[in-house]
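Okay, here's what each chain looks like letter by letter:
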Amino acid sequence: MEQTSKPERIFVLTGAGISAESGIPTFQGTSWRGRSHYELANIDAWNADPALVWEYYSERRRRARDAKPNPAHFALEEFERSHGSSSFFLCTQNVDNLHEAAGSKNLVHIHGQLFETRCAKECGRVGFHDAKEYQAENLPRCSCGALQRPDVVWFGEQPHELDRVFAELQACDVFVGVGTSGNVQPVAGFVAQLKARRKPARTVFVGLERPTNAGYFDEIYLGPATVKLAEALNKLL
């Protein structure tokens, strides 16, 4: 009997579902003090009231600060370590640091990072790690004089490292989506791109609910990622 070889390149996309299992609230179907997250996570909100936006992100920092990686995060780290970082790529929509805390190495935060701060005027000074919380009376300022903002990607802004992400996407043999809703572009279109290739990638989804783009996945494992992800990954080896 012919043996099947393990896939050469794995692309993993993680969404809010994996962090929710560590106690970090999701955007979908929730609000903050009666306001939609979408109303606050955009440049218009920042221009209108930077203090309110900083208060919002300060609370998100506070809620995420003590969160710990769960078994799904560790399953990805173990898979990367055993498969080899050069053949494994992790693209996360999440702005928390749980993948790093679990030990993942080869990853990109396509929507930025909650515990990073940068100049709102893009003066060229490098952003920095920052876990502080800010209110109206102590908003952070860059040395250029402009306000500093959370280094997260707001709706309507360009996601981070897209060239690298698309290069990894096109090179992959297997795509694994974990806890992502399939609603947010451009990542919602990744799996469709892979199925349209001359040599389509194998596509796998793990999460509590079927994503909006479920029709593009070859295999779907419904249930907590803390339980189902290790099972799905083991079937790739």
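These numbers come from a predicted model, not from an experiment.

> Looking at this structure, I do not really get the pairing of strand β1 (residues 10-14). What am I missing?
Along a regular strand, successive side chains alternate from one face of the sheet to the other. Among the five residues in β1, five count as buried, and that is most of the element. Side chains I10, V12 and T14 project from β1 onto one buried face, and the interleaved F11 and L13 project onto a second face that is buried too. Two strands pair when backbone bridges link them, and β1 and strand β4 (residues 88-92) are joined in this way by five bridges, in the parallel orientation. The residue bridging V12 from the neighbouring strand is L90, located in β4. The pairing of β1 with strand β9 (residues 174-178) spans five bridges and is parallel. Looking at β9, one finds that I10 is bridged to V174.

> Would you take a moment to explain empty space enclosed by the protein for this structure?
Summary: where empty space remains is shown by rolling a probe the size of a single water molecule over the atoms. Summed over the entire model, instances satisfying the criterion amount to one cavity of 30 Å³ or more. Volume-wise, the largest cavity comes out at about 30 Å³. In terms of lining residues, the largest cavity is bounded by L13, F175, T180, G182, V187, A188, V191, N213 and F217.

> It is not clear to me how the packing of aromatic side chains should be interpreted in this structure. Could you clarify?
Within a pair of aromatic rings, the relevant descriptors are the distance that separates the centres and the angle that separates the planes. Enumeration according to the criterion identifies 13 aromatic pairs in this entry. Measuring from ring centre to ring centre gives 4.7 Å for W54 and Y134, while their planes differ by 65°; the resulting arrangement is edge-to-face. Placement of the pair is W54 in helix α4 (residues 50-65) and Y134 in the loop between β7 (128-129) and β8 (148-152), with a sequence separation of 80 residues. An identical accessibility class is assigned to W54 and Y134; each is buried.

So, how was this worked out
- Residues numbered from 1 in each chain as written.
- Predicted model: local features only at pLDDT ≥ 70, side-chain atom pairs only at ≥ 80, totals over all residues.
- Heavy atoms only, no water.
- Buried < 20%, exposed > 50% of the residue type's maximum accessible area, 1.4 Å probe, protein only.
- Helix = DSSP H or I, 4+ residues; strand = E, 2+ residues; numbered from the N terminus.
- Pairing = 2+ DSSP bridges.
- 1 Å grid on protein atoms, 1.4 Å probe; cavity = no way out; pocket = protein on both sides within 12 Å on 5 of 7 lines; lining within 4 Å.
- Points joined across faces, edges and corners; volume = space filled by probe spheres on them.
- Phe/Tyr/Trp six-rings, centres within 6.5 Å; stacked < 30°, edge-to-face > 60°.

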